[in-house]
Amino acid sequence: MASEMDDGSMPGGECMASRAPPPFPAPAKGRLEGKVALITGGASGLGKAAAHEFIQEGTAAVVITDVNTKLGLAAGQELGPRAHFVPCDVTVEDSVAAAVDAAVAWHGRLDVMLNSAGVAGSLAGTSRHATHVMAAPAGSTAASGGGSIICMASVSGVLGGLGTYPYSVSKFPVAGVVKAAAAELSRLGVRVNCNSPFAVPMPMVVEQFATMLEGATAGSIIRGLSELRGTTCEVVDVARAAVYLASDDAKYVSGHNLVVDGGFTSYKRMNLPFPTKLRE
Ligand SMILES: NC(=O)c1ccc[n+]([C@@H]2O[C@H](COP(=O)([O-])OP(=O)(O)OC[C@H]3O[C@@H](n4cnc5c(N)ncnc54)[C@H](O)[C@@H]3O)[C@@H](O)[C@H]2O)c1
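Since this is a predicted model, take the numbers as computed values, not measurements.

## Observations regarding the overall build of the protein chain
Working step 1: Scanning the protein chain from N- to C-terminus turns up eight helices and seven strands.
Working step 2: Contacts spanning at least 24 positions in sequence make up 68% of the contacts within the protein chain whose residues lie at least 6 apart.

## Examining the site of the ligand
Working step 1: As a matter of local geometry, the ligand sits amid 28 residues, with Gly41, Ser44, Gly45, Gly118 and Met202 nearest to it.
Working step 2: Grouping the amino acids of the shell around the ligand by side-chain chemistry returns 16 nonpolar, 10 polar and two charged.

## So, the confidence of the model for the protein chain
Working step 1: Residues of the protein chain with pLDDT of at least 70 account for 83%, and the chain-wide mean is 86.
Working step 2: Within the model, pLDDT remains below 50 along residues 1-17, and this stretch shows 12 contacts once partners closer than five positions in the same chain are excluded.

## Comments concerning the pairing of strand S1 (residues 36-40)
Working step 1: S1 sits mainly inside the fold: five of its five residues count as buried.
Working step 2: Side-chain alternation along S1 places Val36, Leu38 and Thr40 on one buried face and Ala37 and Ile39 on a second face that is also buried.
Working step 3: Bridging between S1 and strand S2 (residues 61-66) involves five bridges; their strand directions are parallel. Residue pairing in the sheet places Leu38 in a bridge with Val63 of S2.
Working step 4: On the question of chirality, the crossover connecting S1 to the parallel S2 by way of helix H1 (residues 45-56) is right-handed.
Working step 5: With four bridges joining them, S1 and strand S4 (residues 112-115) adopt parallel strand pairing. Within S4, the position partnered with Thr40 by the bridge is Asn115.

## As for the packing of H1 against helix H8 (residues 235-246)
Working step 1: Closest axis-to-axis distance for the H1/H8 pair is 8 Å, and the angle between their directions is 60°. Relative to H8, the element H1 is oriented oblique. When the axes of H1 and H8 are compared, the crossing they make is right-handed. Contact with H1, carried on its side by Leu46, Ala49, Ala50, Glu53 and Phe54, involves Val235, Val236, Val238, Ala239, Arg240, Ala242 and Val243 of H8 and no other residues of that element.
Working step 2: For the contact of H1 with H8, a count of residues per class yields 10 nonpolar, no polar and two charged.

## Looking at the nonpolar core
Working step 1: Membership of the largest hydrophobic core comes to 69 residues, with the highest contact counts inside it found for Ala37, Leu38, Ala50, Val62, Ile64 and Ala242.
Working step 2: The element best represented in this core is H8, accounting for seven residues.
Working step 3: Not counting residues up to four positions away in its chain, the partners in contact with Ala37 are Phe54, Thr59, Val62, Asp111, Val112, Leu114 and Ala246.

## What about the environment of Gly118?
Working step 1: Mapped onto the fold, Gly118 is located in the loop between S4 and helix H4 (126-143).
Working step 2: Exposure remark for Gly118: the 22 C-beta atoms within 10 Å place this residue in the buried category.
Working step 3: C-alpha of Gly118 to C-alpha of Ser170: the two residues are 52 residues apart in sequence and 9.7 Å apart in space.
Working step 4: Discounting chain neighbours no more than four positions away, the residues touching Gly118 are Gly41, Met152 and Met204.

Rules and cut-offs
- Residues numbered from 1 in each chain as written.
- Predicted model: local features only at pLDDT ≥ 70, side-chain atom pairs only at ≥ 80, totals over all residues.
- Helix = DSSP H or I, 4+ residues; strand = E, 2+ residues; numbered from the N terminus.
- Contact = placed C-beta atoms within 7 Å.
- Near = placed C-beta within 6 Å.
- Nonpolar A, V, L, I, M, F, W, Y, C, P; charged D, E, K, R; others polar.
- pLDDT = per-residue confidence, 0-100.
- Buried ≥ 20, exposed ≤ 12 C-beta atoms within 10 Å, placed from the backbone.
- Pairing = 2+ DSSP bridges.
- Right-handed = clockwise from strand over helix to strand, strands pointing away.
- Axes fitted to C-alpha atoms, helices over the stretch in contact; angles between N-to-C directions.
- Parallel < 35°, antiparallel > 145°, perpendicular 65-115°, else oblique.
- Left-handed = near helix turned anticlockwise from the far one by under 90°.
- Core = buried A, V, L, I, M, F, W, Y, C linked by C-beta atoms within 7 Å.

Right under this line is the structure:
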């Protein structure tokens, strides 16, 4: 029997019938297929954008919660049948517990909790809020066979001076709380991580910039600050980082701070005439 050459031809130059092409890969399923997620502060900004991305990635249901009921109901309508709104104030422990219970009662499970609720104001009660949003979902996500808790931190919790003083002080502890909670909840199989986005011109940031710099437009300032040429931080970049941390792609990632800032807090380029060629 003639044996095949490396290039698929037969010895003596005889050509083999062309082989069937490899099958196309199966269409990618959503990375959050079948999961149930709850998003605090989901009525607006980054929380709402994450809800949209979660739905695109196949979540069975996204429970958006917010202290602003009017905005929350509108966001629920806008996001479609797989989203619905539950009022919740993250500063009130019972309110967070009730929202988690409602999600589990409706959908039978809770796999992902994204804590996006935030304000740029006073620090009162910050450490207690951090405990509410960790404790309430811990049992439910564990009961669902693991689970992922994600907290929205900020580049203002990585470098000082990027936001107002109270805002910075409220964001620095998030990465620490996340590590401590990740340690506590690891034995339940629950992963805990945070996301530290660069500035995206959402209502809260626009408001902060307005208090710091009279008359300046947040969008133009933010664009000018980008360290990564040709691009800026968009809501979808932050939402996709949350999708990753929520998904099984990150099944061995816990206690991590995923900074989404185009390198802003990692390096500064000095405006000096460095040689462009390496010396021999
Ligand atoms: N936008 C940015 O550039 C940026 C950058 C880094 C981090 N963050 C963080 O991302 C998160 C979301 O910010 P955003 O820009 O989308 O702001 P946003 O103002 O658009 O949304 C915040 C939402 O949280 C809700 N909220 C406020 N207090 C609440 C409470 N006590 N209980 C429940 N909900 C409450 C608000 O009603 C609002 O809908 C915040 O934690 C913020 O610190 C934002």
